[in-house]
Amino acid sequence: MSDFETVLDAVRERVDPTPAERRALAEAAERLADRARDAIAELPVEADVMQVGSTARGTWVAGDRDIDLFVRFPPDLPREELQEYGLEVGNEVLPEGREEYAEHPYVKGTFEGYDVDLVPCYRLESATDIQSAVDRTPFHNAYLEERLSDEDAGDVRLFKQFLKGIGAYGSDLRTQGFSGYLTELLVLEYGGFRETLDAIRDWKPPVVLDPEDHAEAEFDDPLVVVDPTDPERNVAAVVSAENVARVQHYAREFLADPDERVFELATPDPLGAEEVRKHVEERGTTPLAVVFEAPGLVEDQLYPQLYRSRDGLVRGLEIEGFEVLRAATWADDRAVLFAELTVSELPAVERHEGPPVHVGGHAQGFYEKYADSDAAGPFLDGDRYVVERERDIRTAEGFVETQLEDVALGAHVESIVEAGDYEVLAGREVSELADGFGTELAAYFEPSV
């Protein structure tokens, strides 16, 4: 037996649910569905219940305790009534649950120790007729159930655990990784776990896969997998270029040297305040952190705003002439926009170019504006008027403290900044973040693929 097969056999023992685990989940799912049917019987409209997701298709990893139950309503039911009846069923089935909102409301809760999402959707003839994004899910389920063999399902579990181990599993907008559905489609496309890694190793983005050869749209993403049930949708749209590269890196590493450890996510030990200060001193850079209370949003709404705000902060700093080495953003109860600068202090003067002299009125206006000012010049550099004027802001910290609201920020972050409800930490002060963000700081200062 090869090292590759030995490692996979060991991993399978961990990721394949036992027969008892399968029976317990199936029985719990059926009892849950019965409760949903009883609740539906009280409604003035017909509906049915469908279990979807990995636990319905047998591709779930041992230890996962998720049941996704969809309640399907007639396609002509008004959207408001679908939401009303869907929540009524959800709250009846999961009385201790909570209402959450994706494209429309659904109920999330627990049942006999399982995490349950009870989601209303429309019962449609074709995925191209969807009225909301969740309407696709039953079609995904049907497509895969017809094609996934037990052997395929086992390979999907291996690939899922591989992606979890390298931190690239999850289609949430924080992770920007591979969804369960995408994982299943890739294993089907390539014919197995090893075959999938072989293919990924040689990917040259943009990668385009169209299982049903029916694409009706063009996509500008590093990885494109056209949804077999919807020719206008890219299943991999959320996957970042970084995660495509990450999976390629680990596919090559694992194929060259199979190691069971790649299937377990390695979390760095958190840094303490003194360790953070030591990193700052050794690197000779100036870290800068904008800290504020995290907006009360679900992660899929929060992280796009944080990413936009991080990028806006970096652009604003660089436009002013400060040089950013790297940037990051983190959140728990607080949120942090973190930028590490190689140049954080600028000279007292800055060069300001005017138009070429031959431009006439504009050039004359520039000359007259600065002729009697305190700036050095105007003088000629080539065919342009130039002045060297006093710089308004000389430090990156000063820029953030006075100009942050002028950069492109996420809407909720912008409101916080406009209200002045944020704190700026610079240099050694960022060590204060070790209390709460020690693990994130460890990953930042001791980076790996």
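The coordinates are above.
Participant: Tell me about the sheet that holds strand β8 (residues 286-293), and please be specific about residues and values.
Facilitator: Pairing is antiparallel in the open sheet, where four strands are placed in the order β9-β10-β8-β14. Strands with a single pairing partner mark the edges of an open sheet, and in this sheet they are β9 (323-331) and β14 (423-426). The average angle at which neighbouring strand axes cross in this sheet is 15 degrees, direction not considered. As paired elements, β8 and β14 share four bridges and run antiparallel to each other. For Val291, the partnering residue across the bridge sits in β14 and is Glu423.

Participant: Give me helix α7 (residues 180-190): which residues, what numbers.
Facilitator: Among the eleven residues that make up α7, eight are buried, leaving the element largely enclosed by the rest of the structure. Where α7 is concerned, the buried positions are Gly180, Tyr181, Leu182, Thr183, Glu184, Leu185, Leu186 and Val187. On its buried face, α7 is in contact with α3 (54-57), α5 (137-147), α6 (150-165), α8 (193-201), β6 (207-209) and β7 (223-225). Positive phi shows up at Gly191, right after α7, with a value of about 95 degrees.

Participant: Give me the packing of aromatic side chains: which residues, what numbers.
Facilitator: The final tally for this structure, using the stated rule, is 20 aromatic pairs. Ring centres 6.0 Å apart and planes at 70 degrees place the aromatic pair Phe162 and Phe193 in the edge-to-face group. Taken together, the positions of Phe162 in helix α6 and Phe193 in helix α8 put the pair 31 residues apart, joining distant regions of the chain. On the basis of relative accessible area, Phe162 is assigned to the buried category, the value being 0%.

Participant: Got a sec to walk through the sheet that holds strand β1 (residues 48-52)? Specific residues and values, please.
Facilitator: Strand order in this open sheet of five strands is β1-β2-β5-β4-β3, and the pairing throughout is mixed. Two strands lie at the open edges of the sheet, namely β1 and β3 (98-101), each paired on one side alone. Each strand of the sheet is rotated relative to its neighbour by a mean of 30 degrees, with strand direction disregarded. Two strands pair when backbone bridges link them, and strand β4 (residues 105-111) and strand β5 (residues 114-122) are joined in this way by five bridges, in the antiparallel orientation. Residue Gly109 lies in a different strand from β5, and its bridge partner there is Val116. In this fold helix α4 (residues 79-93) packs onto β2 (66-73), β3, β4 and β5, with an angle of close to 155 degrees to the strand it touches most, β5. Taken strand by strand, α5 contacts β1, β2 and β5, and its axis lies near 60 degrees from that of β1.

Participant: Describe the pattern of salt bridges, naming the residues involved and giving the relevant values.
Facilitator: Applying the stated criterion to the full structure yields 29 salt bridges. A salt bridge links Arg37 to Glu30, with the shortest nitrogen-to-oxygen separation between them at 3.2 Å. Relative accessible area serves as the criterion here: at 36%, Arg37 is assigned to the partly exposed category. In this structure, Arg351 and Glu353 form a salt bridge, with 3.0 Å as the shortest nitrogen-oxygen distance.

Participant: Could you give an account of the pairing of β2, naming the residues involved and the relevant values?
Facilitator: Taking burial as the measure, the eight residues of β2 include six buried ones, the bulk of the element. By the bridge criterion, five bridges tie β1 to β2 in an arrangement that is antiparallel. Looking across to β2, one finds that Gln51 is bridged to Leu69. In the sheet, β2 pairs with β5 via eight bridges, with the strands oriented parallel. Residue pairing for β5: Leu69 is matched across the bridge by Leu118.

Participant: So what about the environment of Arg147? Which residues, and what values?
Facilitator: Relative to the elements of secondary structure, Arg147 occurs in helix α5. Residue classification places Arg147 among the partly exposed residues on the basis of a relative accessible area of 34%. C-alpha of Arg147 to C-alpha of Val7: the two residues are 140 residues apart in sequence and 27 Å apart in space. Excluding residues within four positions of it along the chain, Arg147 makes contact with Asp152, Leu188 and Glu212.

The rules behind each value
- Residues numbered from 1 in each chain as written.
- Predicted model: local features only at pLDDT ≥ 70, side-chain atom pairs only at ≥ 80, totals over all residues.
- Heavy atoms only, no water.
- Pairing = 2+ DSSP bridges.
- Helix = DSSP H or I, 4+ residues; strand = E, 2+ residues; numbered from the N terminus.
- Axes fitted to C-alpha atoms, helices over the stretch in contact; angles between N-to-C directions.
- Buried < 20%, exposed > 50% of the residue type's maximum accessible area, 1.4 Å probe, protein only.
- Contact = heavy atoms within 4.5 Å.
- Phe/Tyr/Trp six-rings, centres within 6.5 Å; stacked < 30°, edge-to-face > 60°.
- Salt bridge = Lys/Arg side-chain N within 4 Å of Asp/Glu carboxyl O.

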